Amino acid sequence: MKFRIITLGCKVNTYESNVIRDILLDNNYEEVDECADIYVINTCTVTNTSDNKSLKEVRRVRRENPNSIIIVCGCMSQVRSDIDEIDADIIIGNSGKSDIINLINEYKENNKKIIKIDNIMDTKFETMKINNFNRTRAFVKIEDGCENYCSYCIIPYARGKVRSKLPNDVLEEVTTLVNGGHKEIVLTGIHTGHYGADLDGYTFAKLLSELVKIEGLERIRISSIEMNELTDEVLEVIKNNPKIVSHLHIPIQSGSDTILKLMNRKYLKKEFIDKIEQIRSIRPDINITTDIIVGFPGETEELFNETLDTVETIHFSKIHVFPFSLRKGTKAEELPNHIDDVTKKNRVKILIEKSNRLEEEYMSKYIGKELVFIPEVYRDGCLIGHTGNYLLIKYKGCEDLLHKDVKVKGTIVEYPYLICE
């Protein structure tokens, strides 16, 4: 049978979709781009918009493929109360994805709709392993769940409590991927830096200390980590191990203490700034990127300007900017003083312009400097890929250099690329 997987949402969903893909391929299913017998839609629900987009995608796939088996899984199906009304043949939440073959066989045998939504608050870590991602970079999910309960976020209800993949399982999966030719491993999770919170005496720092010992592994990248998870122990490992790349994505979400409190974030502006200074004391040229939500309820013009000032103080290298999007069922829904869409759009534009300037400034520091990058794509006679500190490199070269270490020198910034020779 032929299958197609449609993935919405975060890197964790991408990882889990690739696990499903590997399972189907290992069981002699054929992956296609269209006209599939089976469609797997891995959904997102982080905002009302993403929830509606997931639902719209399910309806589109059903409309265009009335005789195919439609499988819906992920965050949307985990939290929607009307999930039984969705026109799909197999519906599961955020557990049981690795059981997809049994679910398909059960449906084929009985021809009856299957709905299996487990209590995500009482679920163990579902151990998954991928055989391949691409030859350059592989994502490895090491953790699931979140217990931060930020006021704007539905994810703790969709993903449940923090739970960690066993250390030996992580090390085995990474070793297999490295032996298969992968040079870079990206550690990912819903709350990645909280890895080990449910393991007796084991921490994220200890995992990093073990991973750096794997022979043949060139780069370890952390997909995203909260400021207060960058403990002294973690920073000590980063300081002493160049395999851990000089790039950290640390969400700040707002540069105003007033808004941070409304968001139920677990730090104040000064604490965040102090942490960045500590990181730069051990890695002076590190690329620090972030997420910021603008137009959060109660964000006045003065408070938005405070965020702009904080951005300049910290000097992020890039900012992922999101207009606040209401998610029903969160505390933020109940807050007063919601911001109109026009104001949010204008603030997004201002912050993106600032982000582009900061990113170009960071890239310009590497003009004339030698760099090593791993080409991931060959396009129009050029190799495109990333350095360890996540500079996007474009270089005229031959396709034979794909997935290999290439030493280059920065020549000019042509955003979003650093052009090299």
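Worth saying up front: this structure is predicted, and the values here are computed from it rather than measured.

Enquirer: Could you give an account of helix α1 (residues 11-26), with specific residues and numbers?
Expert: The first and last C-alpha atoms of α1 sit 22 Å apart over 16 residues, in line with the 22 Å expected at 1.5 Å per residue. If you check which residues of α1 are buried, you get V12, N13, Y15, E16, S17, N18, V19, I20, D22, I23 and L24. Just past α1, the residue N28 takes up positive phi, approximately 70°.

Enquirer: Summarise the layout of surface pockets; cite the residues concerned and give the values.
Expert: There is about 210 Å³ of room inside the second largest pocket. Residue lining of the second largest pocket: 13 residues in total, with V245, S246, T387, G388 and N389 positioned closest to the centre. In the lining of the second largest pocket, the residues fall into 5 nonpolar, 4 polar and 4 charged.

Enquirer: So what's going on with the pairing of strand β16 (residues 392-396)? Residues and values would help.
Expert: Residues I393 and Y395 of β16 are buried on one face, while the alternating residues L392, K394 and K396, pointing to the opposite face, are not. Taken together, the 5 bridges between strand β15 (residues 382-387) and β16 define a ladder with antiparallel strand orientation. Pairing of H386 across the sheet is with L392, part of β16. The loop that links β15 with its antiparallel partner β16 comprises 4 residues; one of these, Y390, has a positive phi angle of about 70°. Two strands pair when backbone bridges link them, and β16 and strand β18 (residues 417-420) are joined in this way by 3 bridges, in the parallel orientation. Bridge assignment links Y395 to a residue of β18, and that residue is C420.

Enquirer: Residues and numbers for the pairing of β18, please.
Expert: Neither face of β18 is left uncovered, since the one carrying Y417 and I419 and the one carrying L418 and C420 both have all their residues buried. Examined bridge by bridge, strand β17 (residues 406-414) and β18 share 4 bridges and lie antiparallel to one another. The residue of β18 that forms the bridge with V413 is L418. Here β17 folds back onto β18, and the loop between the two strands holds 2 residues.

Enquirer: Provide a residue-level description of the packing of helix α7 (residues 204-211) against helix α8 (residues 232-240), including the pertinent values.
Expert: For the pair α7 and α8, interaxial distance at closest approach is 8 Å and the crossing angle is 15°. By the angle between their directions, the pair α7 and α8 is classed as roughly parallel. Seen from above, α7 lies across α8 with left-handed handedness. Contacts between α7 and α8 involve F204, A205, K206, L208 and S209 from the former and E233, V234 and V237 from the latter. Of the residues contributing to the contact of α7 with α8, the split by class is 5 nonpolar, 1 polar and 2 charged.

Enquirer: Requested: an account of the environment of E218, with residues and values cited.
Expert: Note that E218 resides in the loop between α7 and β10 (219-222). On the basis of relative accessibility, which here comes to 32%, the residue E218 falls in the partly exposed class. With 188 residues separating them along the chain, E218 and E30 place their C-alpha atoms 32 Å apart.

Definitions and limits used
Residues numbered from 1 in each chain as written. Predicted model: local features only at pLDDT ≥ 70, side-chain atom pairs only at ≥ 80, totals over all residues. Heavy atoms only, no water. Helix = DSSP H or I, 4+ residues; strand = E, 2+ residues; numbered from the N terminus. Expected span 1.5 Å × (residues − 1). Buried < 20%, exposed > 50% of the residue type's maximum accessible area, 1.4 Å probe, protein only. 1 Å grid on protein atoms, 1.4 Å probe; cavity = no way out; pocket = protein on both sides within 12 Å on 5 of 7 lines; lining within 4 Å. Points joined across faces, edges and corners; volume = space filled by probe spheres on them. Nonpolar A, V, L, I, M, F, W, Y, C, P; charged D, E, K, R; others polar. Pairing = 2+ DSSP bridges. Axes fitted to C-alpha atoms, helices over the stretch in contact; angles between N-to-C directions. Parallel < 35°, antiparallel > 145°, perpendicular 65-115°, else oblique. Left-handed = near helix turned anticlockwise from the far one by under 90°. Contact = heavy atoms within 4.5 Å.

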